[in-house]
Amino acid sequence: MKFEFETPPAPGDIRAVCEGIQWLYMPLPFALDHVNCWLLGEPDNQVLIDTGVDNPATRKHWTSIFAERGHWPQQTLITHFHPDHMGLAGWMENEGGCGQFLGSEIEVDIALLLSDADGASYSALYEKWYAQNGIPEEALALVRRNGNTYKMVAGRPPPSSRWTYLQDGQQLTLAGHDYTVLIGRGHAPDMIMLYRESDHVLIAADQVLPSISPNVSVMPRLMDTNPLKSFLDTLERLRSLPEDTLVLPSHGLPFRGLHGRLQALVEHHDMRLEQIVSACHEPRSAHDLFAVLFRRKLDPQQTSFALGESLAHLHYLQKQGRVERMDSEGLTHYVAC
Ligand SMILES: [Zn+2]
């Protein structure tokens, strides 16, 4: 991979990254400490891509960027429902008067569903899911205490009536440039990427990240029961883009060298799948496999991503007939066939 810049812009600063696209770097209060947002076009015709989470620091950055320049973006495109991408969409509408939102209907529906879920039912769903997969009591207690964690960092998105929904393969003109919508699956159910054919620019959202492997998760409420297959299929599809594509990822630095990165991500998952099959020589819960999948110690906040990722690999192997699922006394285990 070849990086275009050695460092990101400071939070609240704007940096031109290629023709007609500016890079904004928003802090996140998580282990993953930032998200990249993109601003397309000139102040009188601007499209913002993703918003960061809903917290005072991010609101302050957007206020200083847009209010001080006297222009809020005319359109806001949201790549997927995760709070670091959609968290301030509703605020953009109310505060900035952004009237038009572009996104995926599936992603918007999930965000609305999560925003409207009450704390008790949100906790109950996760608690049941954790317990079934062998997660220890400490993390279950945290789930009970936290309630709806989505709402902690994401405001309610604009209602369905404010959105224009995009489809895979759709041609779109944004701030004077033509883009093709590419739907990425596996990290989120229906994530929007944009490809600009004229000069080979890919706004990749969380599908291809330069320094971490995007989280691929089975999650309660999400319909995709084999997200790792969906993710790998999307990576395969991206191989048809030119090697000199400039990749603008949502986390990490813009880079070229797409094919090598796609290959590394595929090999990463292949290796994890083999390690899981070996570990399942005796029955294992999804939680037992955390030690195989994650070298670092996980804090309880990361439990849902870790469990989702472990299950994504197990479901993939189960569909291939390489592991078998066993349910007994409310606990699920997997064993190699
Ligand atoms: Zn993200």
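Residues numbered from 1 in each chain as written. Predicted model: local features only at pLDDT ≥ 70, side-chain atom pairs only at ≥ 80, totals over all residues. Heavy atoms only, no water.

**Q** So what's going on with empty space enclosed by the protein? Residues and values would help.
**A** Under the criterion given, the structure shown has one cavity of 30 Å³ or more. Within this model, the largest cavity holds a volume of roughly 50 Å³. Every residue along the wall of the largest cavity is listed here: Gly186, His187, Ala188, Pro189, Ser217, Leu222, Asp224 and Pro227. Taken together, the residues that form the lining of the largest cavity break down as four nonpolar, three polar and one charged. (1 Å grid on protein atoms, 1.4 Å probe; cavity = no way out; pocket = protein on both sides within 12 Å on 5 of 7 lines; lining within 4 Å. Points joined across faces, edges and corners; volume = space filled by probe spheres on them. Nonpolar A, V, L, I, M, F, W, Y, C, P; charged D, E, K, R; others polar.)

**Q** I'd love a proper account of the coordination of the zinc ion, names of residues and values included.
**A** Looking at the zinc ion, the protein donor atoms are Asp84 (OD), His85 (NE2), Asp206 (OD) and His251 (NE2), and they sit 2.0 to 2.5 Å from it. Geometry at the zinc ion is irregular, judged from the four donor atoms that bind it and their angles of 87 to 162 degrees at the metal. (Donors = N, O, S within 2.8 Å, 3.2 Å for Na, K, Ca; no water. Tetrahedral: all angles 85-135°; square planar, octahedral: opposite > 155°, others 65-115°.)

**Q** Account for the pattern of salt bridges, with residues named and values stated.
**A** The final tally for this structure, using the stated rule, is 14 salt bridges. One salt bridge connects Asp116 with Arg156, and the closest N-O pair in it is separated by 2.9 Å. Of this pair, Asp116 sits in helix α4 (residues 105–116) while Arg156 sits in the loop between α7 (149–153) and β8 (163–165); the two residues are 40 residues apart in sequence, bridging distant segments of the chain. Asp116 sits in the partly exposed class, given a relative accessible area of 47%. We note a salt bridge from Arg325 to Asp327, for which the minimum N-O separation is 2.7 Å. The structure contains a network of salt bridges with shared partners spanning Lys2, Glu4 and Arg256. (Salt bridge = Lys/Arg side-chain N within 4 Å of Asp/Glu carboxyl O. Helix = DSSP H or I, 4+ residues; strand = E, 2+ residues; numbered from the N terminus. Buried < 20%, exposed > 50% of the residue type's maximum accessible area, 1.4 Å probe, protein only.)

**Q** Account for unusual backbone geometry, naming residues and giving values.
**A** A positive phi angle is found at His200, which is not glycine, with a value near 60 degrees. Inspection of the secondary structure puts His200 in the loop between β11 (191–196) and β12 (201–205). Unusually for a residue other than glycine, Glu329 sits at a positive phi of about 50 degrees. With respect to the element layout, Glu329 can be found in the loop between β15 (323–328) and β16 (331–336).

**Q** Please provide a residue-by-residue account of helix α6 (residues 137–146), values included.
**A** The α-helix winds at 3.6 residues per turn, so residues separated by three or four positions along the chain end up facing the same way. Every buried residue belonging to α6 is among Ala139, Leu140, Leu142 and Val143, and all of these are buried. Projected down its long axis, α6 shows its buried positions confined to an angular sector of 160 degrees, all on one face. Turned more than 90 degrees off the buried face of α6, the exposed positions are Glu138 and Arg145. Once α6 ends, the next one or two residues include Gly147, with phi positive near 65 degrees. (Arc of directions from axis to C-beta.)

**Q** If you had to explain the pairing of strand β10 (residues 177–184) to someone new, which residues and values would you point to?
**A** β10 sits mainly inside the fold: seven of its eight residues count as buried. As judged from the four bridges shared by strand β9 (residues 171–174) and β10, these two strands associate in the antiparallel manner. Bridging across to β10, Gln171 finds its partner in Thr180. With antiparallel pairing between neighbouring strands as the criterion, β9 and β10 make up a hairpin whose turn holds two residues, including Ala175 at a positive phi of roughly 45 degrees. Strand direction decides the pairing type here: β10 and β11, joined by five bridges, are antiparallel. Bridge pairing in β11 links Ile183 to Ile192. Where β10 folds back onto β11 in an antiparallel hairpin, the turn is made up of six residues, including Gly186, whose phi is positive at roughly 110 degrees. (Pairing = 2+ DSSP bridges.)

**Q** Please give an account of the packing of aromatic side chains that cites residues and values.
**A** Applying the stated criterion to the full structure yields 13 aromatic pairs. Ring centres 6.3 Å apart and planes at 35 degrees place the aromatic pair Phe81 and Tyr150 in the tilted group. You can see Phe81 sitting in the loop between β6 (75–77) and α2 (83–86) and its partner Tyr150 sitting in helix α7, a full 69 residues away along the chain. Plain terms: the ring middles of Phe290 and Phe294 are 5.9 Å apart, the flat faces sit at 90 degrees to each other, and that makes the pair edge-to-face. Here the two residues Phe290 and Phe294 agree in accessibility, since each one is buried. (Phe/Tyr/Trp six-rings, centres within 6.5 Å; stacked < 30°, edge-to-face > 60°.)

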